[in-house]
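Understanding the architecture of this molecule
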Amino acid sequence: MNYLGDWGKEIGLLGVGWSKFGSEKAFEDDSMVHLHDVYEEISELFIPEKEASRRARDDGRDTAEVEKQGIFAERDGLSKRMEDGEPEEIRFWKRVRDSTINYYKHEYERLSVKFDEFSGESQVTPESIAEVESVLKERGIYEESDGSWIIDYSKHGPKSLGVSVLRGRTRSTSYLLRDIAAILDRNKKYAFDRMIYVVGADQDVHSQKVFQALRYMGREDLVAKLEHVSFGKAQGLSQQLGEVHLLGDILDRSIANAREVLESNQTEHPEIDGTDGSAKVLGYTILVAQFCGLSKRASSLTFNSKTLVSFDGETGPNLQLCYARLCAKIKESDSDDTTTLGPRSFGLPMAQYPDVTDAAYKSHEPSMILAYLFRLSEEVSNCLEDDDEKQKENGGGESSEEPPEAVLAQTGLYKLARQVFDNGMAILGIAPMVSST
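Presented here is an overview of the structure given in this document. (Residues numbered from 1 in each chain as written. Predicted model: local features only at pLDDT ≥ 70, side-chain atom pairs only at ≥ 80, totals over all residues. Heavy atoms only, no water.)

1. Topic: the nonpolar core
Soluble, globular proteins show a tendency: their nonpolar side chains are buried together. Of all hydrophobic cores here, the largest spans 31 residues; its most connected members are Leu-136, Ile-180 and Ile-183. The set of elements that each furnish at least two residues to this core consists of helix H7 (126-138), strand S4 (148-152), helix H9 (175-190), strand S6 (195-200), helix H10 (204-216) and helix H11 (220-223). Here the element with the most residues in this core is H9; it accounts for seven residues. Each residue touching Ile-180, except ones within four places of it in the same chain, is listed here: Val-132, Leu-166, Val-210, Ala-213, Leu-214 and Met-217. Tyr-323, Met-350, Tyr-353 and Met-425 belong to the second-largest nonpolar core, a separate cluster that totals 29 residues. (Core = buried A, V, L, I, M, F, W, Y, C linked by side-chain atoms within 4.5 Å. Buried < 20%, exposed > 50% of the residue type's maximum accessible area, 1.4 Å probe, protein only. Helix = DSSP H or I, 4+ residues; strand = E, 2+ residues; numbered from the N terminus. Contact = heavy atoms within 4.5 Å.)

2. Quick word on the packing of helix H1 (residues 9-21) against helix H6 (residues 87-110)
Between H1 and H6, the least distance of the axes is 11 Å, while the angle of their chain directions is 100°. With respect to their mutual orientation, H1 and H6 come out roughly perpendicular. Where H1 abuts H6, its residues Ile-11, Leu-14, Gly-15 and Trp-18 lie against Phe-92, Arg-95 and Val-96. Looking at side-chain class alone, the contact of H1 with H6 contains five nonpolar, one polar and one charged residues. (Axes fitted to C-alpha atoms, helices over the stretch in contact; angles between N-to-C directions. Parallel < 35°, antiparallel > 145°, perpendicular 65-115°, else oblique. Nonpolar A, V, L, I, M, F, W, Y, C, P; charged D, E, K, R; others polar.)

3. Here we look at unusual backbone geometry
In this structure, Pro-158 follows Gly-157 across a cis peptide bond, with omega equal to -5°. As for its placement among the helices and strands, Pro-158 is situated in the loop between helix H8 (153-156) and strand S5 (163-167). The phi angle at Asp-146 is positive, at roughly 55°, despite the residue not being glycine. Here Asp-146 falls in the exposed class, since its relative accessible area comes to 63%. Residue Ala-191 is not a glycine yet carries a positive backbone phi of 50°. Within the element layout of this structure, Ala-191 appears in the loop between H9 and S6.

4. Quick notes on helix H17 (residues 353-363)
Among the residues of H17, those classed as buried are Tyr-353, Val-356, Thr-357 and Ala-360. Looking down the long axis of H17, one finds its buried residues gathered within 95° of arc, a one-sided arrangement. For H17, the exposed residues lying more than 90 degrees away from the buried face are Asp-355 and Lys-362. Within two residues after H17, His-364 carries a phi angle of roughly 55°, on the positive side. (Arc of directions from axis to C-beta.)

Below, the structure is given as structure tokens:
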């Protein structure tokens, strides 16, 4: 399930921005880029008002005076009209949502990723929202404060979670309230055994608030089935891609860099051809190596699609090169040629694969699998280089002194290594590149 932030005040803010900066022509030309631009423009215009509200709060003054006018009032009013089902606002929301889903379906398809369902905040049922509020009120957790309905976590514990608004002065529901209610909806619909939130580390506190609210409601049974798997923030996107860095822009940049390196390395690495198909596969592999493999998922990373296009070291291209060379060697060994195959040293690393995948599964840590594949590729590459050297020593085509059964066994080991690569890369969503030779 891909859960979209398709409701609430942020959509209200986008709607205000559309009324000021929206263009039908720009939307038709590239809807996602235009919506991004509109959101950036209105957000910039909104900064002074948000700062005024923050100063009022810090000074102990009522923020209502600031927030009942200007963009605050426009945003909150549009959000409330959405919740009330006003036709014009609903048409705008649906248009934005449909455009967003179509965009992401297309971009994820490029990565061979398919979601069974695109859900979102807008799909949370009023019945579940009412259930959350009712139970929290009955248990003395939900209280009114300055016209808003809140949970004071500092009063009920843990104190570190502070105070959160679940329903604002305008009666609009908050992201937190909708997220709590969404769990009830999913439990009714799917009766899930486990639900894992794969969300950025900046949502750690929010997740704690959601889970704690369920505890307040007496739903420890649901909390026991929930887990937040966080990941670090990607930095450096603006330097690489400019101010707009949508998923499609990231994919296009990575493929362009891959195409450049293929064009410059075609003579040195003939196993990998320079076709557009290879550039796409290599570009996606570069991204996986950056976002899933260079460090543990919770660590922030600096996005740089140019630093990892090298065919040397622990990089996506080098992993693909090793795989392509391995396939070429298997193809060669399956022929009548009995070229000498050097001693194998990667039997032990292959035996470790089940333990690595089990540990990666339990810890939700994809970097463990990629790190393992890098180690295996180093061992395999060393063996392939030894084979090449021995072939040269034998005159390039002379028969091996090894008996045929030994050559057959060694070829079988290569095939097992290829299977391990296939399995590990498939888990990471990497499509292997077959040798062009």
